[in-house]
Protein chains: 2
Amino acid sequence: MARKTKEDAERTYHALLDAATKLFIHQGIAKTTLNDIATAAAMTRGAIYWHFDNKDAVIRALWERNASTLHDAFTTELKHLDRDDPAEHFRRIMKELVQSVVNQPELGQAIRIVMHSVEFTDEQTELQRFLNAKHVELHSTMEQAFATLKKRKALKTSLSSTLLSQGFMSYLLGLIHIYLEPGIKKLDLKKSGDQLLDLFLDPILARTE
Amino acid sequence: MARKTKEDAERTYHALLDAATKLFIHQGIAKTTLNDIATAAAMTRGAIYWHFDNKDAVIRALWERNASTLHDAFTTELKHLDRDDPAEHFRRIMKELVQSVVNQPELGQAIRIVMHSVEFTDEQTELQRFLNAKHVELHSTMEQAFATLKKRKALKTSLSSTLLSQGFMSYLLGLIHIYLEPGIKKLDLKKSGDQLLDLFLDPILARTE
DNA sequence: TTTTATACATACATAAACGTATGTATAAGG
DNA sequence: CCTTATACATACGTTTATGTATGTATAAAA
């Protein structure tokens, strides 16, 4: 076949990732072969091996393209809580995060795929280590955020910031996970996301007015 | 080889499940082959195919042996909340559930394996459908429990029982999931389980004294 | 005691996915 | 305009796990 322009090549790159996303969601990651992805994008495996090293690299690229922006924005924003009203700032960041997941289907799909790729074993693959690092990063920034909230007297409870962080992370990840999994009982995060976050945060975040 | 007694056969059955558990945990489900399991139990694949249809059947058997008891006890207990003090009864059931997961390693391992086996796709395997059914059962009994709590004026909040149920399930599953995954930041559910549950339940469960 | 079903081991067939090697038309660079 | 690196397609070889088929020694049934 013929050589494409740089723009064409970039188009196939995205077409491959888009095809991979659909297939991963609809028939599962394990059952999706590289050939499936290629043909779904009207290409051959040659195209995939040109753009990616293997299936794990596809998943990682998916994360980079669809989730890394939110991850970075989230972590950096958490590190700079408002001086005057950190509690409300924190609350707003969390609500925006949830709404991002709800409003950007590609983001939600990427998160779902990534969540299923994280199997913590003795010997991690490169993808596992990468995702694990991001996971740890999330947890530690969240813990720092709660530490900051505590220092600024923005917390009602006397529980340790570590414990609160772990509890809230469990809640947040649980919400997103249940939302993203298409079980029978649907969780409407779009409508109820704010209420559900307030349900947890109201009792622990102090009012500042 | 020779025929074993019924007791011997049962021993190999359990040896196979034990070996499968260890391998699934340590090297992942996908990477664990039936041959791995067999040799780890000092058997051959013949033994596996005698006792199970395939790898999915092994996982299902693992659930039946190590998790079904708790699942059944949990769901039936939730359906019979105390007449006089349903809120405290509910709280106790949840704390006992968490402590069960903490105190029974085989149970926790089974849950972890099962959690990783649930990939919701268009065409579900038999295992997927089975686990999905259990999952749905959990959600609906939890929702009924919250409906009962609401009817008996055991809830402080005016939020719908459906929403509360979804929120609490997210929290519960999130806690257990983060506890079972051996990330760097460890969640000590044994010590903090009760506090973490109270953190969520105190603001919504009414006092009855 | 003979028979039969059991509880595996062993052997086989295959199929599927992977990674790599190679081919090639053509944009892009000089 | 010539050359080269690009962006794939195609072909190949190998591996590896799976399911099944068959063999077999012996508990258990009769």
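Remember, it's a predicted structure, so these values are computed and weren't measured experimentally.

> Where do I start with the relation of the copies chain B and chain A in this structure?
Here two copies of a chain appear, and what relates them is a rotation about an axis with a shift along it. Between chain B and chain A, which share one sequence, the superposing operator has a rotation angle of 180° and an axial displacement of 0.0 Å; the RMSD is 0.0 Å. The two molecules are tied by a two-fold rotation axis, judged by turn and shift. An overlap of 96% is found between the interface residues of chain B and their copies at the interface of chain A, pointing to a shared contact surface.

> Sorry if this is basic, but what is going on with unusual backbone geometry here?
Of note, Ala42 of chain A is a non-glycine position whose phi angle comes to about 60°, a positive value. The phi dihedral of Lys153 of chain B is positive, around 55°, even though this residue is not glycine. Note on placement: Lys153 of chain B falls in the loop between α8 (126-151) and α9 (161-180). In this structure Lys153 of chain B comes out as exposed when scored by relative accessible area, which is 70%.

> Please explain the environment of Ser165 of chain A as it appears in this structure.
Residue and element names in this part refer to chain A. When you line up the elements, Ser165 lands in helix α9 (residues 161-180). Distance in space between the C-alpha atoms of Ser165 and Lys185 is 27 Å, their sequence separation being 20 residues. Those residues in contact with Ser165 that lie beyond four places of it in its chain are His139, Met142, Glu143 and Phe146.

> Can you help me understand the interface of chain B and chain A in this one?
When the parts of a complex come together, some accessible area is lost, and that lost area is often taken as the interface size. The partner chain A presents 45 residues to the 47 residues of chain B that form the contact. A combined buried area of about 3,600 Å² lies between chain B and chain A, and 66% of that area is made up of carbon and sulfur atoms. Applying the counting rule to chain B against chain A returns eight residue pairs in polar contact (both at pLDDT 80 or more). Mapped onto the side of chain B that touches chain A, the elements with two or more residues apiece are α1 (6-27), α7 (105-117), α8, α9 and α10 (189-201) of chain B. No other element matches α9 of chain B, which puts eleven residues into the side of chain B that touches chain A. Each residue belonging to the side of chain B that touches chain A can be placed in one class, and the counts come to 23 nonpolar, 15 polar and nine charged.

> In this structure, what is going on with the environment of Glu126 of chain B? I would like to understand it.
Within the secondary structure layout, Glu126 of chain B lies in helix α8. Expressed as a C-alpha distance, the spacing of Glu126 of chain B and Arg60 of chain B, which sit 66 residues apart in the sequence, is 9.5 Å.

Parameters and conventions
Residues numbered from 1 in each chain as written. Chains lettered and ligands numbered in written order. Predicted model: local features only at pLDDT ≥ 70, side-chain atom pairs only at ≥ 80, totals over all residues. Heavy atoms only, no water. Least-squares fit on C-alpha atoms with pLDDT ≥ 70 in both. Contact = heavy atoms within 4.5 Å. Helix = DSSP H or I, 4+ residues; strand = E, 2+ residues; numbered from the N terminus. Buried < 20%, exposed > 50% of the residue type's maximum accessible area, 1.4 Å probe, protein only. Buried area = accessible area lost by both parts, 1.4 Å probe. Polar contact = N/O pair within 3.5 Å; in protein donor to acceptor, adjacent residues only side chain to side chain. Nonpolar A, V, L, I, M, F, W, Y, C, P; charged D, E, K, R; others polar.

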